[in-house]
Amino acid sequence: MGSLDYIVILFYFIGLIAVSMVVSRKIKSSEDMFIAGRNSSWWLSGISSYMTIFSASTFVVWGGVAYKSGIVAVVVAICLGFASLIVGRWISGKWRKLRIKSPGEFLTVRFGHGTVSFYTISGIIGRAIHTAIALYAVAVVMCGLIKVPDGSFLASSGLTGDSAAGYLSIWWALLILGAVTLVYTIAGGFLAVLMTDVIQFGVLLAVVVFMIPLSFNAVGGVGEFLSRASEIPGFFSGTSENYTWVWLFLWIFLNVAMIGGDWPFVQRYISVPTVKDAKKSTYLIAFFYFLTPLIWYLPTMIYRVMEPGLALDVDPTAMTFNGEHAYVNMSKLVLMNGVVGMMLAAMLSATLSNVSGTLNVYANVFTYEIWGHSEKNKRADEKKRIRVGRTFTFIFGLAILGISLLVPFAGGAERVVVTILTMVICPLYIPSIWGLFSKRLSGNQLIWSMAVTWVVGFAAKFTIPTSVLSGSLLESISGMVLPVVILLCMELWSKSKGITNKGYEAIENYTDPNAEIEPGVEIKKSVKGYSHMAISVFCITIAAIALLLIGLIVVEDPKTLAVKNIVMWFIASILIMVTGYMVYRIVDNKRK
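Scoring rules and cut-offs
- Per-chain numbering applies: the sequence of each chain, read as written, is numbered from 1 onward.
- In keeping with the predicted nature of the model, local features appear solely for residues at pLDDT of at least 70, side-chain atom pairs appear and are counted solely at 80 or more, and the whole-chain, interface and lining totals rest on all residues.
- Here the side-chain values reflect all heavy atoms present in the structure, with hydrogen atoms and water set aside.
- Take a side-chain nitrogen of Lys or Arg and a carboxyl oxygen of Asp or Glu: if they are within 4 Å of each other, that pair is a salt bridge.
- Runs of E in the DSSP output that reach at least two residues are strands. Runs of H or I that reach at least four are helices, and both are numbered from the N terminus.
- Exposure is judged per residue with a 1.4 Å probe applied to protein chains only, and the accessible area is read against the type maximum: over 50% gives exposed, under 20% gives buried, and values in between give partly exposed.
- Working definition: a ring pair exists when centres of Phe, Tyr or Trp rings (six-membered ring for Trp) sit within 6.5 Å. Plane angles under 30 degrees give stacked, over 60 give edge-to-face, the rest tilted.
- Geometry is summarised by axes, namely lines fitted to C-alpha atoms with helices restricted to the contacting stretch, and by angles between N-to-C directions that run from 0 to 180 degrees.
- In these notes the angle categories are as follows: under 35 degrees is roughly parallel, over 145 is roughly antiparallel, 65 to 115 is roughly perpendicular, and the rest is oblique.
- Each crossing is labelled by how the near helix is turned from the far one, with a counterclockwise turn of less than a right angle marking it left-handed and a clockwise turn marking it right-handed.
- Two residues qualify as a contact provided that any one of their heavy atoms is within 4.5 Å of a heavy atom in the partner residue.
- Three classes are used, and their members are as follows: Ala, Val, Leu, Ile, Met, Phe, Trp, Tyr, Cys and Pro are nonpolar, Asp, Glu, Lys and Arg are charged, and the others, Gly among them, are polar.

**Here we look at the pattern of salt bridges**
Oppositely charged side chains may form a pair once their charged atoms are brought near each other.
Next, step 1: Counted by the stated rule, this structure contains nine salt bridges.
Next, step 2: The residue Lys378 makes a salt bridge to Glu375 at a minimum N-O spacing of 3.4 Å. Separated by three residues within a single helix, Lys378 and Glu375 lie in helix H18 (residues 375-378), roughly one turn from each other.
Next, step 3: Since its relative accessible area comes to 43%, Lys378 is described here as partly exposed.
Next, step 4: On the accessibility criterion, Glu375 (54% relative accessible area) is exposed.
Next, step 5: Linking Glu518 and Lys524 is a salt bridge whose minimum nitrogen-to-oxygen distance equals 3.1 Å.
Next, step 6: A relative accessible area of 42% means that Lys524 is categorised as partly exposed.
Next, step 7: One connected set of salt bridges, linked through shared partners, spans Lys528, Asp588 and Arg591.

**Points about the packing of aromatic side chains**
Next, step 1: By the definition in use, this model includes 28 aromatic pairs.
Next, step 2: On the numbers, 5.3 Å between centres and 55 degrees between planes, the contact of Phe201 with Phe288 is tilted. With Phe201 in helix H10 (residues 170-219) and Phe288 in helix H14 (residues 275-291), this pair connects stretches of sequence that are 87 residues apart. For the pair Phe201 and Phe288, one class covers both residues: buried.
Next, step 3: By the ring-pair criterion, three or more aromatic residues cluster together here, those being Phe118, Tyr119, Trp263, Tyr362, Phe366, Phe392, Phe396 and Trp454.

**Focus: the packing of H10 against helix H15 (residues 293-306)**
Next, step 1: Relative to each other, H10 and H15 sit at 25 degrees, their axes nearing to 9 Å. Judged on the interaxial angle alone, H15 and H10 are roughly parallel. The way H10 lies across H15 gives a crossing that is left-handed. The segment H10 lies against H15, with Leu204, Leu205, Val208, Val209, Met211, Ile212, Ser215, Phe216, Ala218 and Val219 engaging Ile295, Trp296, Leu298, Pro299, Ile302, Val305 and Met306.
Next, step 2: When grouped by side-chain class, the residues that make up the contact of H10 with H15 number 16 nonpolar, one polar and no charged.

Here you go:
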């Protein structure tokens, strides 16, 4: 990477922080801090939810799958579209129908305060580890692209797990990423999370879309790619040895549990004005997951055709290329000076969105349901609630950063964390969704169902040989099928005894009377204001990318001039979008 790439990344970080400082002025209450005052538009909530799913693994892990196995990576991603349709039809609207300020408030009313503590402690531990690994993964990518002079305090120290000599140290990469995320999440709260998600969406979409014609140009055209890719066995097959139809079916329902019950998603459903908006936001996630997976993975699939021999890793202990580096390699191959930095910013943005959303939602639950549970704290004013939320965000963020700094010493921690996510965290989503519909499930049954799931699941994992059941399929069954079977047995037992849980009656009376009616003038005005802010941020983001490309043409960058027609068409498309929005704003202001 050149100096221009570093400047681009620096301005990207400055932009994230600047946006958070601007929106921090709009935070007047704890509801503004944690759910944007329920004034988020449906499309803004949908984009933010979509970005929450992203992390560096989208490019690194699944990009590697696309490189080695082809279209199956696209099919795996499309499964999230089907999962989102199911959630939009039956689940997300149920969340918004309730007058809750946090996911934890639902658990308190429906299952009791003890269940909230159980969920919060389990979630904090599991999410902290998972988020730390995601932060570490993107830091590794960052280190692999940023060179620093030998002897610099930013350079690799040579310690266990640190970067290669001559590159940015993994420690500094983690500290920089952690500091930026903490600053903008603490300052701007959930509104900053929404707005920075829009920036990240703009960078991600623009750069990856730009890479596609450049990648086709590098391989010799669409026809050449299809011709050569068709010679690779199974490259256009929707399944593979590791990703069978059974696995894909379970994958859909694992993601129904995640998108329908994971706290960052629930937070976005309750941040919109109406039930209809919550459903539309989820359908937007589905739309994006039907539309964009091929866009994300085409560059690495094209790279496989260009460099097919690199897919073969004869010695598993050797430090040779594997598919996880395909995105970085393709970026360096086809992108010009400055735009490589933008691509790295896109990868960073995907993970930072995940981290910031996790920080904010757990601060939300802690402020309302843990700290705010006592009678004294229930009477606290809004300024104190905001201060408590920001303090928790800071402490939880430092904990995640601390865990990420320990990852290099943990050897195969990544595989362990995937297991924890699938077998420990994913099952936690299911009972909360079950509690939305079941009038019999109690808090004690919920906790027992999770305990049995974990004990049986891990016992099976360490006793059933992989020759009988593959590790990934066993984990999926343990994370999805097992808790459903246990909850179903408990449901049938309670029904046979004629038991109805009082928590269900309480939550039935906890509905928001405004959730299914047309919002008033003031709410519409606030929603429109946030929407205009988000679109303005998006337009500024893509306009900055267009200006960068124009500058490269003006200075006659050789790599840019070699694909000048593609660059000009891309710039023109951005200018048309930005101009169209400016005209709309002018007409809208005159109408007022």
